[in-house]
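Each chain, written out:
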2 protein chains.
Amino acid sequence: MSYTTHHTIKPGVIAPNLTPFEDDLSIARDLYLDNVRRLLEDGCVALAPFGTTGEALSVSTAERLEMLEHLTSNGIDPKRLIPGTGLSNLPETADLTRRVVDMGCAGAMILPPFYYKGVSDDGLHAYYARLIERVARDDLAIYLYHIPQVSGVPLSIELVRRLKKDFPEHIVGIKDSSGDWENTKALFGISGLTVYPGSELPLFEALDLGGAGCITATANVNTSAIAKVVELHQNGETEAARRAFEKVRTLRLTVQEYAPIPAQKRLLALQSGDARWANVRPPLEPLSEARGRELADRLRSEVGLDILSMD
Amino acid sequence: MSYTTHHTIKPGVIAPNLTPFEDDLSIARDLYLDNVRRLLEDGCVALAPFGTTGEALSVSTAERLEMLEHLTSNGIDPKRLIPGTGLSNLPETADLTRRVVDMGCAGAMILPPFYYKGVSDDGLHAYYARLIERVARDDLAIYLYHIPQVSGVPLSIELVRRLKKDFPEHIVGIKDSSGDWENTKALFGISGLTVYPGSELPLFEALDLGGAGCITATANVNTSAIAKVVELHQNGETEAARRAFEKVRTLRLTVQEYAPIPAQKRLLALQSGDARWANVRPPLEPLSEARGRELADRLRSEVGLDILSMD
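Here is what the cut-offs are and how they apply
- Residues numbered from 1 in each chain as written.
- Chains lettered and ligands numbered in written order.
- Predicted model: local features only at pLDDT ≥ 70, side-chain atom pairs only at ≥ 80, totals over all residues.
- Heavy atoms only, no water.
- Helix = DSSP H or I, 4+ residues; strand = E, 2+ residues; numbered from the N terminus.
- Buried < 20%, exposed > 50% of the residue type's maximum accessible area, 1.4 Å probe, protein only.
- Contact = heavy atoms within 4.5 Å.
- Least-squares fit on C-alpha atoms with pLDDT ≥ 70 in both.
- Pairing = 2+ DSSP bridges.
- Right-handed = clockwise from strand over helix to strand, strands pointing away.
- Phe/Tyr/Trp six-rings, centres within 6.5 Å; stacked < 30°, edge-to-face > 60°.
- Buried area = accessible area lost by both parts, 1.4 Å probe.
- Salt bridge = Lys/Arg side-chain N within 4 Å of Asp/Glu carboxyl O.
- Nonpolar A, V, L, I, M, F, W, Y, C, P; charged D, E, K, R; others polar.
- Expected span 1.5 Å × (residues − 1).

All names here are of chain B. Relative to the elements of secondary structure, L203 occurs in helix α8 (residues 203-208). Exposure remark for L203: the relative accessible area of 0% places this residue in the buried category. When near neighbours in sequence (up to four residues on either side) are disregarded, L203 contacts G213, C214, I226, V229, V230 and F245.

What follows covers the relation of the copies chain B and chain A. Once turned by 180° and shifted 0.0 Å along the axis, chain B lies on chain A with an RMSD of 0.0 Å. The transformation relating the two chain copies, once decomposed into turn and shift, fits a two-fold axis. Across chain B, the rotation axis passes nearest the C-alpha of B:G152, at a separation of 3.7 Å. Residue by residue, 100% of the interface of chain B is reproduced at the interface of chain A, so both copies engage with the same surface.

A few words on the pairing of strand β5 (residues 171-176) of chain A. Residue and element names in this part refer to chain A. With six of six residues buried, β5 is to be regarded as a mostly interior element. The pairing of strand β4 (residues 142-146) with β5 spans five bridges and is parallel. Bridging from a neighbouring strand, Y145 pairs with K175 of β5. Where β5 lies against strand β6 (residues 194-197), four bridges are found, and the strand directions are parallel. The partner of K175 across the bridge, within β6, is Y196. Tracing the backbone out of β5, into helix α7 (residues 181-188) and back to the parallel element β6 gives a crossover that is right-handed.

Aromatic ring pairs: the centre-centre distance and the angle between the two ring planes describe each pair. Per the counting criterion, the structure on display carries 15 aromatic pairs over all chains. Their ring planes at 90° and their centres at 5.0 Å tell us that B:Y115 and B:Y116 sit as a pair that is edge-to-face. We note that B:Y115, like B:Y116, is buried. Between B:F204 and B:F245, the aromatic rings sit 5.7 Å apart at their centres with planes inclined by 50°, giving tilted as the arrangement. Note that B:F204 is positioned in helix α8 and B:F245 in helix α10 (residues 238-256), a separation of 41 residues in sequence. Both residues of the pair, B:F204 and B:F245, count as buried. Taken together, the ring pairs in this structure connect A:F114, A:Y115, A:Y116, B:F114, B:Y115 and B:Y116 into an aromatic cluster.

It is common to report an interface's size as the accessible area lost on association of the parts. Opposite the 44 residues of chain B that make contact, chain A presents 44 residues. Of the roughly 3,300 Å² buried between chain B and chain A on both sides combined, carbon and sulfur atoms contribute 61%. Broken down residue by residue, the surface that chain B buries against chain A is led by B:Y115, B:Y116 and B:P283, which jointly contribute 25%. Linking chain B with chain A are zero salt bridges, by the criterion used here. Broken down by secondary-structure element, the contributors of at least two residues to the side of chain B that touches chain A are α2 (61-72), α3 (90-102), α4 (121-135) and α5 (148-151) of chain B. The greatest single-element share of the side of chain B that touches chain A, amounting to seven residues, is contributed by α4(B). Tallied by class, residues from the side of chain B that touches chain A come to 22 nonpolar, eleven polar and eleven charged.

Given 3.6 residues to a turn, an α-helix orients residues that are three or four positions apart in the same direction. Residues and elements named next belong to chain A. Between the first and last C-alpha of helix α11 (residues 260-272) there are 18 Å, a value that for 13 residues agrees with the 18 Å anticipated at 1.5 Å per step. Of all 13 residues in α11, eleven are buried; the element is thus mostly enclosed. Where α11 is buried, its residues contact α1 (29-41), α9 (219-234), α10 (238-256) and α12 (289-303).

Structure, rendered in structure tokens:
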């Protein structure tokens, strides 16, 4: 079946890369590119620009396209990018998705339309069906994005199954950020679907089921350690992988105690000495420097990760 | 205080006018204009195009601007329009809002950024503050839009009070669609703020508190009856107003038993004989003709409103 040709991303960790802002809240182009390069060098097999972690819904469509062009014109391979393109309406989502396909990106990560709540599976099915029709590209590869605690609009297992069945060449995968392992496990039962947990916490269980890794926010500060777990597991060194995973898990749980987007941005500001990294767009609020130092101290003592002395 | 100059809309009913679609789901321009003219003729004091009822978040920014230009170039007075301009991000919301101000509209109805949940009042305050700064127009008149059951992002009484205090010339009103009368009543306590309940159900209580009317979805099928209630109340004919209100209330409660947006569109399709009226954009689903006829029958028997024989 031809849709397997989409699966060019090797198993590993994918970062929904953070979006840094200047003090006037325009995107900091230099930091954006630097961070992408760093994440790929640190071992990300791909990136998912403009996900929830990348403050995607606080960024305009024009800004997303401008940054993607900035990346590709600076040598970043679009085949390692799965940008978020899901907006709340069909015409703008279709236009943005088509642009991303035409740039040669590996796929597009697409939220359900997230304004109207309590909508039916039939309504959501119609949305994705119309979207695929409007994008009108044979090489459109959609990764569905299930993050009901933020979007307010869940993608049921039954709906995902129907979409995969009806559009097998276009629905290639899903990121499940629900944090509900039973849901993720059920998704693994859908034939031909690539399933990424939206966190490293169930990484081991996912790999044991033949999963391809995870797409996780905390990859922005912990790529190499997460990548190592996947590598050891792939090599059959299960015990070493499990030992490495313990620290990865602890870091995740500690960062989760803070607001993860502002917290990771503050860590990068402290690490780089570039205060712009701490900026977030409202309605999010920056994490204070004091709280950031507290978090950095905890990571050093709890998992031996010395964020402030890394480069 | 100069901000009172914004209050050019007289007391009455404001319809968040429905957005009709062609079968290919583009906006049906002729029906859009016809419906606006009909609502104004039937007694709406103003319209709120592109609210939740107008499927605003299923429509692109370009489409909103195109339709507003279509209206004003066909003689609709922009001073009777309060279009919805709230998107999930700052740059696009600012651009759209500035365009609406420059068209001479009476105001802009602005949702909080509705993707990220659990955000702080400080974060939302910063969003509106940055928005006002970016729109950069002295005559910007903002109507806040509180509809937490859909947006997922409430505007607390305390936040609304702070915004009104910090930007008295720009924050002129609020539409409270929470359905929580205690919340609406508390908003009436904020000095200088025009408060519109987002339904006719608490219309009487709102008028008794000196309110200016309501902004209600069901005005799309029941404008003249709701307008009559306000008129009678304004004239001091309280008992007649109360009797008229009973039917208005019954109609609302009956329509609410159906999905209100598809239901009203189906009623207009049946009334006009134009099947395009039944179209909705996914993720919403159209109401079946059978269910629409059932609703029309109920309205005839329950409140004596013969939708199918109106013109």
